[in-house]
Amino acid sequence: MQETLSHAASQKRIISYLRRLGNTPPNVLLLEGGSREQREELGLFWAALLNCSSGDPCGDCPTCRQIGRESYRDLYVFRGQEDSIKVDDVRPLRQVLADKPYEAYRVVLFSEAQELTVPAANALLKSLEEPLSGNVFVLLAPQRHLLLSTLVSRSYPFTLSQAGMQTGPEEESEVVPWLESLLRFWQSGTGLFEHTGQKKAVDRHLLGRILLAMERELHRAYLGEDGGPLAAYLRRHLAPLYWARLDMALAKAEEIVRHQVNPALILEWLALTVWRWLREQPARDCQ
Ligand SMILES: [Zn+2]
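Here's the deal with helix H11 (residues 229-237)
Within the span of H11, buried status applies to Leu230, Ala231, Tyr233 and Leu234. Down the axis of H11, the buried side of the element spans an arc of 165 degrees, and every buried residue falls inside it. Lining the buried residues of H11 we find helix H8 (176-188), helix H10 (204-223), helix H12 (243-257) and helix H13 (263-280).

Digging into empty space enclosed by the protein
Taken as a whole and assessed by the stated rule, the structure comprises one cavity of 30 Å³ or more. Each pocket or cavity is described by its volume, and for the largest cavity that value is around 30 Å³. If you trace the largest cavity, you find it lined by Ser155, Tyr156, Pro157, Leu212, Glu215 and Arg216. Of all the secondary-structure elements, those providing two or more residues to the lining of the largest cavity are strand E5 (156-161) and H10. The class makeup of the residues in the lining of the largest cavity is three nonpolar, one polar and two charged. Counting contributing residues, the lining of the largest cavity receives three or more from each of domain 1 (2-166) and domain 2 (176-280).

Details of the environment of Arg184
Tracing the backbone shows Arg184 in helix H8. Given the relative accessible area of 38%, Arg184 is considered partly exposed. If we ignore the near neighbours within four places in the chain, the residues touching Arg184 are Gly189, Thr190 and Gly191.

Here we look at the pattern of salt bridges
It is possible for side chains bearing opposite charge to pair when their charged atoms get close. One pass over the structure, following the stated rule, counts 13 salt bridges. One salt bridge in this structure joins Arg144 and Glu32, with 3.0 Å as the shortest N-O distance. Remark: Glu32 occurs in strand E1 (residues 28-33) and Arg144 occurs in the loop between strand E4 (135-141) and helix H7 (149-152); sequence separation between them is 112 residues. When its relative accessible area of 7% is taken as the criterion, Arg144 is described as buried.

Thoughts on the confidence of the model for the protein
Across the protein, the average pLDDT comes to 84, with 90% of residues at or above 70. Taken element by element, the predicted model of the protein shows its lowest mean pLDDT in strand E6 (residues 164-166) (40) and its highest in strand E3 (residues 106-111) (97). Counting interchain partners and residues more than four positions distant, the pLDDT-below-50 stretch residues 5-10 has nine contacts. Note that pLDDT drops below 50 for residues 162-170; the model gives that stretch 21 contacts with residues more than four away or on any other chain.

Observations regarding the pairing of E3
When you tally the buried positions in E3, you get six out of six residues, the bulk of the element. Sheet topology note: the strand E2 (residues 75-79)/E3 ladder contains five bridges and is parallel. Considered in E3, the bridge of Val77 is made with Leu109. For the handedness criterion, the β-α-β arrangement of E2, helix H5 (residues 87-98) and E3 is classed as right-handed. Pairing of E3 with E4 involves five bridges; the strand directions are parallel. Counterpart to Leu109 in the pairing with E4 is Val138. As for the winding sense of the linkage, the β-α-β connection from E3 through helix H6 (residues 118-129) to E4 is right-handed.

Conventions we followed
Residues numbered from 1 in each chain as written. Predicted model: local features only at pLDDT ≥ 70, side-chain atom pairs only at ≥ 80, totals over all residues. Heavy atoms only, no water. Buried < 20%, exposed > 50% of the residue type's maximum accessible area, 1.4 Å probe, protein only. Helix = DSSP H or I, 4+ residues; strand = E, 2+ residues; numbered from the N terminus. Arc of directions from axis to C-beta. Contact = heavy atoms within 4.5 Å. 1 Å grid on protein atoms, 1.4 Å probe; cavity = no way out; pocket = protein on both sides within 12 Å on 5 of 7 lines; lining within 4 Å. Points joined across faces, edges and corners; volume = space filled by probe spheres on them. Nonpolar A, V, L, I, M, F, W, Y, C, P; charged D, E, K, R; others polar. Domains from an automatic or database assignment. Salt bridge = Lys/Arg side-chain N within 4 Å of Asp/Glu carboxyl O. pLDDT = per-residue confidence, 0-100. Pairing = 2+ DSSP bridges. Right-handed = clockwise from strand over helix to strand, strands pointing away.

Spelled out as structure tokens, the structure:
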């Protein structure tokens, strides 16, 4: 573990990201890029970060050592490199997940998560969506595009590369105008419904990408990172108290999308919700 951690420590930027993220760990962390070994190291680092009592994995305590040996009782590792990860492999997890972890967090890690079969992924979806507190998931894959989209849409993605890390791809051209419309709406109360009102302006897939982009911007705002205009706006205008609520609203929106609700209505609901928060929150100094 010591060696693992010191190796991982060389990837300072990722580590500092994970440290900050560790305060409020996302339900599902997706690490893509880099080599399989790097991804697994970081996955274990994340497990140690969440469980080591020093709060900054020491690499030396019983918890860190057990995580390094993968013998920690709140750590579950599934590997897809030998064979696909089947529903029978993950089924016993459901019972485990229902119980509280022994220590701080139960970490369920899937290496080569693209090898999860569709039935196995489906069996996990409910746990990924509504995790009982104390359960966190880690998906490791060469590229997120190899994973089932239902998994990706529930994940908070990080991209590793040899040179370091970037967060997510830049927003796609199709998504950008919608983010701009949302911003304009929050600032002025206009400029969105003209768009959503157009027939078939937003379909489920586009909405999914808009939600993902919003999540990314929210996390950038949270981490104090440079992001797009949306991250800057949220950081400046929305009280941090509401960030967790926005995170939940985004998760709820993703949930409703799958129930055949008109995607335009979902986007309008989300826009109005934030618009209301912006007006009800205590006055906020611009920084
Ligand atoms: Zn430790």
